[in-house]
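# Coordinate analysis (summary)
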Amino acid sequence: MSSSRRTEVAQLARRLADAHPQQVLEEAFQHFEQVAISFSGAEDVVLVDMAAQLGIPFRAFSLDTGRLHPETYRYLDTVREHYGFDLEFAFPDAAEVESLVNAKGLSSFLADGHKECCQARKVAPLKRKLAGLDAWITGQRRDQSVGTRGEVAVVELDAAFSTETRPLVKFNPLAAWSSAAVWDYIRANDVPYNPLHARGFISIGCEPCTRAVLPNQHEREGRWWWETAADKECGLHAANLRVVND
Ligand code: ADX
Ligand code: SF4
């Protein structure tokens, strides 16, 4: 990877470290031609709202694992219609999922851990999607997991998905925002939200691997609750906590 790209990203990272998420979005759209928001169908909708408020064309995609909640599927269409843009979808490779499910059934993640299923249903489709992008934008926040996300930078080189010939920049505009700040934004701006949030869900992933949490329970406890906290990354962000500092 060229050192000029590293320097460029490091400069951007320094300049935007404390910037408002909407400014980060604006700069991401200005600096990169092929850039898209990765939208999970949860509270990261604030990124879609902020992008829409900028009044410039933007791209967003969702990974349809085939196992999302019915509420999330309906909500993804709500967002598409509300903001009037073509939300893109990335699907898993049918043969890969068939092979896993035929060998191990539909719930292998309960016995074997979630990584194998997440690899087929989320990570592989993401990798294909990212192959056509120079940069992507996620809704990761440091307060989502002190253990695995405590170091998330606002701008970084993607250590998981960059290649020697194709450096990929990752923007996490909400890195420094708290859950409370996100929800203040959603309420203040009348942003449509996933109805599961009104039923005790905070972090939302696939239906079999997400559950509502109790008051004061941490949001990650609603994800893959049969596994230990250190394992609660599915590969979308696992290898990607390195701060750009050169
Ligand atoms: S996960 O890795 O544990 O599933 P999480 O649900 O916290 O991730 O979401 C963090 C960010 O990852 C989201 O804001 C979004 O940018 C991206 N992401 C997660 N799931 C999806 C998805 N199904 N489609 C698109 N982006 C996603
Ligand atoms: Fe499979 Fe669960 Fe991962 Fe979804 S979250 S891809 S169902 S293991």
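Residues numbered from 1 in each chain as written. Chains lettered and ligands numbered in written order. Predicted model: local features only at pLDDT ≥ 70, side-chain atom pairs only at ≥ 80, totals over all residues. Heavy atoms only, no water.

When helices and strands are tallied, the protein shows 9 helices and 6 strands. Over its C-alpha trace the protein gives a radius of gyration of 17 Å, about what one expects of a compact globule, namely 18 Å for 246 residues. If you line up the protein on its principal axes, its C-alpha atoms span 45 × 45 × 35 Å. The proportion of buried residues among the 246 residues of the protein is 53%. For the protein, restricting intrachain contacts to residue pairs at least 6 apart in sequence, the fraction spanning at least 24 positions comes to 70%. Just so you have it, the protein exposes about 11300 Å², and 50% of that area is on carbon and sulfur atoms. Positive and negative charge centroids in the protein, built from 27 and 34 side chains respectively, lie 3 Å apart. (Helix = DSSP H or I, 4+ residues; strand = E, 2+ residues; numbered from the N terminus. Rg over C-alpha atoms; globule rule 2.2 N^0.38 Å. Buried < 20%, exposed > 50% of the residue type's maximum accessible area, 1.4 Å probe, protein only. Contact = heavy atoms within 4.5 Å. Areas by Shrake-Rupley, 256 points an atom, 1.4 Å probe, with all protein chains shown as cover. Lys, Arg positive; Asp, Glu negative; His and termini not counted. Charge placed at Lys NZ, Arg CZ, Asp CG, Glu CD.)

Here His 114 shows up in the loop between helix H6 (108-112) and helix H7 (115-130). Separated by 2.7 Å, the side chains of His 114 and Glu 227 make a polar contact. (Polar contact = N/O pair within 3.5 Å; in protein donor to acceptor, adjacent residues only side chain to side chain.)

Another point: the site of ligand 1. Inspection of the region around ligand 1 gives 17 residues, with Ser 38, Asp 44, Arg 149, Arg 220 and His 237 positioned closest. Between Phe 39 and ligand 1, the recorded distance is 3.4 Å, taken from a backbone N or O atom to a nitrogen atom. Here Lys 122 contributes a side-chain N or O atom positioned 3.1 Å from an oxygen atom of ligand 1. Out of a free accessible area of 530 Å², ligand 1 has 96% covered by protein chains. Taking a 2 Å distance to the grid points as the criterion, the majority of the atoms of ligand 1 fall inside the largest cavity. Looking at side-chain class alone, the shell around ligand 1 contains 6 nonpolar, 6 polar and 5 charged residues. (Near = heavy atom within 4 Å. 1 Å grid on protein atoms, 1.4 Å probe; cavity = no way out; pocket = protein on both sides within 12 Å on 5 of 7 lines; lining within 4 Å. Sits in = over half its atoms within 2 Å of the grid points. Nonpolar A, V, L, I, M, F, W, Y, C, P; charged D, E, K, R; others polar.)

Before going further, it helps to examine the packing of helix H5 (residues 94-104) against H7. Closest axis-to-axis distance for the H5/H7 pair is 10 Å, and the angle between their directions is 165 degrees. Judged on the interaxial angle alone, H7 and H5 are roughly antiparallel. Crossing hand, H5 versus H7: left-handed. Contact with H5, carried on its side by Glu 96, Val 97, Leu 100, Val 101 and Lys 104, involves Glu 116, Cys 117, Gln 119, Ala 120, Arg 121 and Ala 124 of H7 and no other residues of that element. Along the lines of polarity and charge, the residues of the contact of H5 with H7 split into 6 nonpolar, 1 polar and 4 charged. (Axes fitted to C-alpha atoms, helices over the stretch in contact; angles between N-to-C directions. Parallel < 35°, antiparallel > 145°, perpendicular 65-115°, else oblique. Left-handed = near helix turned anticlockwise from the far one by under 90°.)

This part is about the sheet that holds strand E4 (residues 135-137). Read from one edge of the open sheet, 6 strands run E3-E2-E1-E4-E6-E5, paired in mixed fashion. Of all strands in the sheet, those bounded by a partner on one side alone are strand E3 (88-90) and strand E5 (155-157). When strand polarity is set aside, the average angle formed by the axes of neighbouring strands in this sheet is 30 degrees. Sheet topology note: the E5/strand E6 (residues 169-171) ladder contains 3 bridges and is antiparallel. By the bridge assignment for E6, Leu 157 is matched with Val 169. Relative to the sheet, helix H1 (residues 3-16) contacts E5 and E6, its axis offset from that of E5 by approximately 160 degrees. (Pairing = 2+ DSSP bridges.)

Here the focus is the packing of aromatic side chains. Counting across every chain of the model gives 8 aromatic pairs. Plain terms: the ring middles of Phe 58 and Phe 85 are 4.9 Å apart, the flat faces sit at 40 degrees to each other, and that makes the pair tilted. Taken together, the positions of Phe 58 in the loop between helix H3 (45-54) and strand E2 (60-63) and Phe 85 in the loop between helix H4 (70-83) and E3 put the pair 27 residues apart, joining distant regions of the chain. Phe 85 carries the same exposure label as Phe 58, and that label is buried. An aromatic cluster is built from Phe 109, Trp 225 and Trp 226, whose rings are joined through pairwise contacts. The ring of Trp 224 carries the charged tip of Arg 223 above its face, separated from the ring centre by 4.7 Å. (Phe/Tyr/Trp six-rings, centres within 6.5 Å; stacked < 30°, edge-to-face > 60°. Lys NZ or Arg CZ within 6 Å of the ring centre and 35° of its normal.)

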